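Here are the chains, one letter per residue:
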Amino acid sequence: MRNTLDADDPQVLASRMREALGEGPVVALTGAGLSTDSGIPDYRGPDSPPRKPMTYQQFVGDAAFRRHYWARNHVGWRHVHRTLPNDGHRALAVLESSGALAGVITQNVDTLHEKAGSRRVIDLHGRYDRVVCMSCSEVTARDALAERLGALNPGFADGVPDVEVAPDADAALAATEGFRVADCESCGGVLKPDIVYFGENVPKARVMEGYDLVDGASALLVAGSSLTVFSGRRYVKRAVERGMPVVVLNRGGTRADDVAALTVAAGCSEVLSALAGVYAGGPGPDRAPAPAARVTG
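The rules behind each value
- Per chain, the residues get numbers from 1 upward, laid out in the order the sequence is written.
- Local features in this predicted model are restricted to residues whose pLDDT is 70 or higher, and side-chain atom pairs enter the listing and the counts only when it is 80 or higher, whereas totals over whole chains, interfaces and linings include all residues.
- The basis for the side-chain values is all heavy atoms of the structure; hydrogens and waters are excluded.
- Numbered from the N terminus, helices here are DSSP runs of H or I no shorter than four residues, and strands are runs of E no shorter than two.
- Buried means the residue's accessible area, taken with a 1.4 Å probe over protein chains only, is under 20% of the maximum for its type, while exposed means over 50%, and partly exposed covers the values in between.
- Whether two residues are in contact is decided by their heavy atoms, any of which lying within 4.5 Å being enough.
- Per-residue accessibility takes into account occlusion by the displayed protein chains alone, with areas from the Shrake-Rupley method and a 1.4 Å probe.
- For our purposes a nonpolar core is just a set of buried Ala, Val, Leu, Ile, Met, Phe, Trp, Tyr and Cys residues, chained together by side-chain atoms within 4.5 Å.
- Whenever Lys or Arg places a side-chain nitrogen within 4 Å of a carboxyl oxygen from Asp or Glu, that contact is recorded as a salt bridge.
- Any two strands with at least two DSSP-identified bridges between them are counted as paired.
- Orientation is described by axes fitted as lines to C-alpha atoms, over the contacting stretch for helices, and by angles from 0 to 180 degrees between their N-to-C directions.
- UniProt positions are given in the numbering used here, feature names are shortened, and annotations may be inferred rather than shown by experiment.
- Handedness of a crossover: with both strands directed away from the viewer, a clockwise path from the first strand across the helix to the second marks it as right-handed.
- As used in this structure description, the phrase polar contact means that two N or O atoms lie within 3.5 Å; if the pair is within protein, one of them must be able to donate a hydrogen and the other to accept it, and residues adjacent in sequence are counted only when both atoms belong to side chains.

A word on the overall build of the protein chain. When helices and strands are tallied, the protein chain shows nine helices and 10 strands. Burial analysis of the protein chain (297 residues in total) assigns 49% to the buried set. In the protein chain, once contacts between residues fewer than 6 apart in sequence are set aside, the share between residues at least 24 apart is 75%. Just so you have it, the protein chain exposes about 13400 Å², and 50% of that area is on carbon and sulfur atoms.

This is the structure:
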C-alpha cells in the first residue's frame, strides 16, 4: 500500500525512504526541482510561473525564432553557467561513492551533478554547456559560443537588466530585434544547443542506457520531478514493471504518485542530505537530528 509522508524532520523522512528503497543499489531520476536551491527555477513546481518554452519545430523552422532563442540564451547564460551544486547534488554524489547509488538519470541540462562529483550520469535531455551543428554535427563548447556572440553583439547582454531565467538558460526578454546569430565555424550550418527540445525525441541510445541502469538496480528514487513528460516517466514505468520500489521526493504532486511505494512532500536538499547520512549510519555531516515530526499515511 502506498504511503505518503508529510513531515517536518528530514531525518524522519530519510529513514522512511531508506526502508522503502530496500537493499541493493538505487538509481536516481532527477528533475528541475533538485536544482532550485542552486538558483535555477523549475518549469512545473508549485510556485513556478507559467512558461512556454520554445519547441524543436519552432527552432528548426524559423530563423526569427532562432534569433529570439539565441538572444535570450546569450543573456541567460551569464547566470546559469555560474550556478553551483547544492546539498542535494552533493548528497547523491556521496551516495554513489558509498555504493548505495548506481547512478543518476537526470532530466536537467545544467551539469550540476557532474560538478558535484557524480560519476555515472545520463544526461537524458542533453547538456546546456555544448552546442551542436545541425549540418555537420560538430560539437563545440557553449562558453566558446558566448565569446563569438559577445563579439557579434557588443554590449547586448550588459544592457539587459536582471531577468527571469529558465532551467535551460532561456531568459525572458521583451525584444530581440537586431541580435546577430553565429553560424557553425566549420560549415556555416545552423547551431543548436545540445539539448532535447520540447517536441524532439531523446536519442534512442541514451534511452536504452537509462533502461540498462534501471535494470541493474533494485529501486528507483525520483527527486525533484513532477514526471509530466514521458521521457523521464518511462523509467518509473520500467521500474514498476520489474517489481522495483519507487520512492518519490518532490514538493508537488507527480505522475507517479499512484504507483510509488512512498511519496515524500519535501525539498530535495535537506532530505537527500539526511538520506546520505542515514546510509552512512548517522544524521549526516554538520547535521543534528531535528525535533519529532508529523508522519501521515
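Text resumes after the structure shown.
With that settled, the discussion passes to the nonpolar core. Among the nonpolar cores identified, the biggest contains 28 residues, and Met17, Leu221, Leu249, Leu272 and Leu275 are the most heavily contacted of them. For this core, the secondary-structure elements that each account for two or more residues are helix 1 (10–21), strand 2 (26–30), helix 4 (87–97), strand 3 (101–106), strand 8 (219–223), strand 9 (246–249), strand 10 (262–264) and helix 9 (268–280). It is helix 9 that provides the largest number of residues to this core, a total of seven residues. With near-sequence residues (within four places) excluded, Leu275 lies in contact with Ala14, Met17, Arg18, Leu21, Leu95 and Leu221.

As enumerated under the stated definition, the model contains 11 salt bridges in all. The salt bridge involving Arg90 is made with Asp87; its shortest N-O contact spans 2.8 Å. Note that Arg90 and Asp87 are positioned in helix 4 at a spacing of three residues, about one turn of the helix. We classify Arg90 as partly exposed; its relative accessible area is 39%. What makes Asp87 partly exposed here is its relative accessible area of 28%. Close ionic contact of Asp215 with Arg238 constitutes a salt bridge, the shortest N to O distance being 2.8 Å. Remark: Arg238 occurs in helix 8 (residues 230–241) and Asp215 occurs in helix 7 (residues 204–215); sequence separation between them is 23 residues.

With antiparallel pairing, three strands are arranged side by side in an open sheet as 6-5-7. In this open sheet, the two strands that pair with only one neighbour each are strand 6 (139–141) and strand 7 (191–195). Within the sheet, the average angular offset between the axes of one strand and its neighbour, ignoring direction, is 45 degrees.

Within the UniProt annotation, "binding site: Zn(2+)" (unreviewed entry) is assigned to Cys133, Cys136, Cys184 and Cys187. Of the residues just listed, which span 55 residues, no C-alpha pair is farther apart than 8.6 Å, and they cluster in one region. Mapped onto the elements, Cys136 comes out in the loop between strand 5 (126–133) and strand 6. Not counting chain neighbours up to four residues away, the residues in contact with Cys136 comprise Cys184, Ser186 and Cys187. According to the relative accessible area criterion, Cys187 is partly exposed, its value standing at 41%. Not counting residues within four places of it along the chain, the set of residues in contact with Cys187 comprises Cys133, Ser135 and Cys136.

So, about the pairing of strand 9. A two-sided burial pattern is seen for strand 9, the buried positions comprising Val246 and Val248 on one face and Val247 and Leu249 on the other. Sheet topology places strand 8 next to strand 9; four bridges connect them, and they run parallel. By the bridge assignment for strand 9, Leu220 is matched with Val246. This β-α-β element, strand 8 to helix 8 to strand 9, shows right-handed connectivity. Both strand 9 and strand 10 contribute to a ladder of three bridges, which runs parallel. Considered in strand 10, the bridge of Leu249 is made with Val264.

Per the UniProt record, the feature "active site" (unreviewed entry) sits at His125. With relative accessibility at 13%, the residue His125 sits in the buried group. With near-sequence residues (within four places) excluded, His125 lies in contact with Thr106, Gln107, Val109, Asp194, Ile195, Val196, Val202, Arg206 and Ser231. Separated by 3.0 Å, the side chain of His125 and the backbone oxygen of Gln107 make a polar contact.

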